[in-house]
Each structure stands twice: as structure tokens, then as C-alpha cells.
Amino acid sequence: MSALSRGPIISSGIWLGAGLGGFFDGIVLHQVLQWHNMLSSVRPPIDLLSMKYNMLWDGLFHAFCWFAVVLGVWRLWVAARRPGVACSTPTLIGGMLLGWGAFNFCEGLIDHQLLGLHHVHPGPGQLTWDLGFLALALVQIAAGWAAIARGADETHEPRSET
Amino acid sequence: VARDESFFARRQEAVGFVNHCPRCALGRQAWLEVQGDHFTFNALAVGAPFLAILLLTAGIEVVYRWQGGRKHTRPNSHEAAE
């Protein structure tokens, strides 16, 4: 049995997870629930001009997400055509969860904590919401890691059929 | 059609809107000034998590190539079919 590489599939999944996770954040937290916008702690959307300013940065954030998804699909296509790459479903799902969690963790750490561009649910108890967001990101990373480990079974040459 | 000033006044009172119209000269000028405000910084801040993902996947690609990458020769299903 020769080991097959899963790196390209994990890498594709990470891009897909980051892009789709970003879209989830933008659609659910920015637009549907309207908890925050991209720069809502810097320029709170309390008038039309500030709202348009936040809309612009929400749009650019979604543009980044769109490129991440396109890159993920392209990387997946390239990976599927590479020799010696294990096309394992748990590995891809794990990579996506890992990407979503890693994206949320970086976004939470950089944009929420370090730069204070926005907070998950601004107002009283916003730190609790921000820390909960980071904890959720760690859970996603752990779940992704576990799924990738489970996919390791599919990375060996199948036994010859008798 | 006459603009209903009372509507804008009521809205401003209710939700704190100001009557900045992006299509009028004053509003557009203010809008352009806002756009130029920390644009590069904001772009880097919004893009930072994606840069982190780029570094992570670049690292995985380096490891894949370092481990031999194309040395593995098992064909994928479509290649096997060919």
C-alpha cells in the first residue's frame, strides 16, 4: 500500500470553507440579523452616509469571499487531476470545517480584538459574544481536524479485489 | 414630484438619519471624503483573515511538494478509466 497525499484536498477545502464561512457571516450576521457591519464599530451605521460606508466594506468583504470560493473550486479541480491525491470526502469536509474555523479565528482575533473594526453583537456583553465566536472557531477547527483524521483511512491504495 | 420634507424630518428624528443624499453635490463630496478615509488600512484589515488562509494553504502546498508530490503514481479514477 502506498500512501496518497491529501494536502491538495485539504488546501482546497480550507479555501472553500473560508469563502463559504465568510458568506455565512455576511449574510446571516450582517444582513439578516443586522448585528454588525464590517466597520460598524469604527463608523456606526446611524445615518445614510455611514450605512453606505459600511455597505461598501461589506461588499468588499463579500468580494474577498467570492474570490476565496473561486480559488477553492479551482484548487479542487487541479487537485482532482493530480496523480497520487486521495479524493476523500471526510478530508474535504474536514478541510472546509478547518478553513471556516481558521477564518473565524483570524477574523475574530484581528478584526474584533486587535483592530476593533466591529464586534459580533455590540453593546453590553460584547466581549462575551466575541469570546464565544473565538471558542466556536476553535470547535470548528477541532471538528475539521477530527474529520481529516477520519479521512486518513481513505488515503491508502485499496486492497485488490478478489 | 415634491419631496416630502416631513418624511425625512420624521425619519431623522426616529432613527437618527441625516439628510445626506449621495446624489446631491454636498452629499457626494462628503461621500467621496468618507471613501478616501483609511481606505488602504481598511482593505488590509478586511483582507487580513484571507491573507492568513493564503499563508496556511501555501504552507500545506510546500509540505505536499516537499513530501514528493507527483512521485505518487496512483492514477485518479478518471485517469484509470482512460
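Residues numbered from 1 in each chain as written. Chains lettered and ligands numbered in written order. Predicted model: local features only at pLDDT ≥ 70, side-chain atom pairs only at ≥ 80, totals over all residues. Heavy atoms only, no water.

Overview of the packing of helix α1 (residues 7-32) of chain A against helix α3 (residues 39-66) of chain B
Argument step 1. Where α1(A) meets α3(B), the axes come as close as 9 Å, and the angle between the chain directions of the two elements is 170°. It follows that α1(A) is roughly antiparallel to α3(B) by the angle criterion. For the pair α1(A) and α3(B), contact is made by Gly7(A), Pro8(A), Ile10(A), Ser11(A), Ile14(A), Trp15(A) and Ala18(A) and by Phe50(B), Ile53(B), Leu54(B), Leu56(B), Thr57(B), Ile60(B) and Tyr64(B), respectively.
Argument step 2. For the contact of α1(A) with α3(B), the per-class residue count stands at 11 nonpolar, 3 polar and no charged. (Axes fitted to C-alpha atoms, helices over the stretch in contact; angles between N-to-C directions. Helix = DSSP H or I, 4+ residues; strand = E, 2+ residues; numbered from the N terminus. Parallel < 35°, antiparallel > 145°, perpendicular 65-115°, else oblique. Contact = heavy atoms within 4.5 Å. Nonpolar A, V, L, I, M, F, W, Y, C, P; charged D, E, K, R; others polar.)

Observations concerning the nonpolar core
Argument step 1. Of all hydrophobic cores here, the largest spans 21 residues; its most connected members are Phe61(A) and Ile53(B).
Argument step 2. For this core, the elements supplying multiple residues, two or more each, are α1, α2 (48-81) and α3 (89-114) of chain A together with α3 of chain B.
Argument step 3. Beyond its immediate chain neighbours, meaning those up to four positions away, Phe61(A) contacts Gly22(A), Gly26(A), His30(A), Met38(A), Phe103(A), Val46(B) and Phe50(B). (Core = buried A, V, L, I, M, F, W, Y, C linked by side-chain atoms within 4.5 Å. Buried < 20%, exposed > 50% of the residue type's maximum accessible area, 1.4 Å probe, protein only.)

Description of unusual backbone geometry
All names here are of chain A.
Argument step 1. The phi dihedral of Gln 34 falls on the positive side, at around 55°, and the residue is not glycine.
Argument step 2. Assignment of secondary structure puts Gln 34 in the loop between α1 and α2.
Argument step 3. You can call Gln 34 exposed: its relative accessible area is 62%.

Structural notes on the pattern of salt bridges
Argument step 1. Here the structure, examined in full by the defined rule, presents 3 salt bridges over all chains.
Argument step 2. Glu61(B) is the partner of Arg75(A) in a salt bridge, and the nearest nitrogen-oxygen pair spans 2.8 Å. Placement of Arg75(A) in helix α2 and of Glu61(B) in helix α3 is noted, with the two residues assigned to different chains. Take Arg75(A) and Glu61(B): they sit in the same class, and that class is buried.
Argument step 3. For the salt bridge of Glu61(B) with Arg65(B), the shortest nitrogen-to-oxygen distance reads 2.9 Å. Of this pair, Glu61(B) and Arg65(B) both sit in helix α3, separated by 4 residues, roughly a single helical turn. (Salt bridge = Lys/Arg side-chain N within 4 Å of Asp/Glu carboxyl O.)

Shape descriptors only; they carry no functional weight alone.
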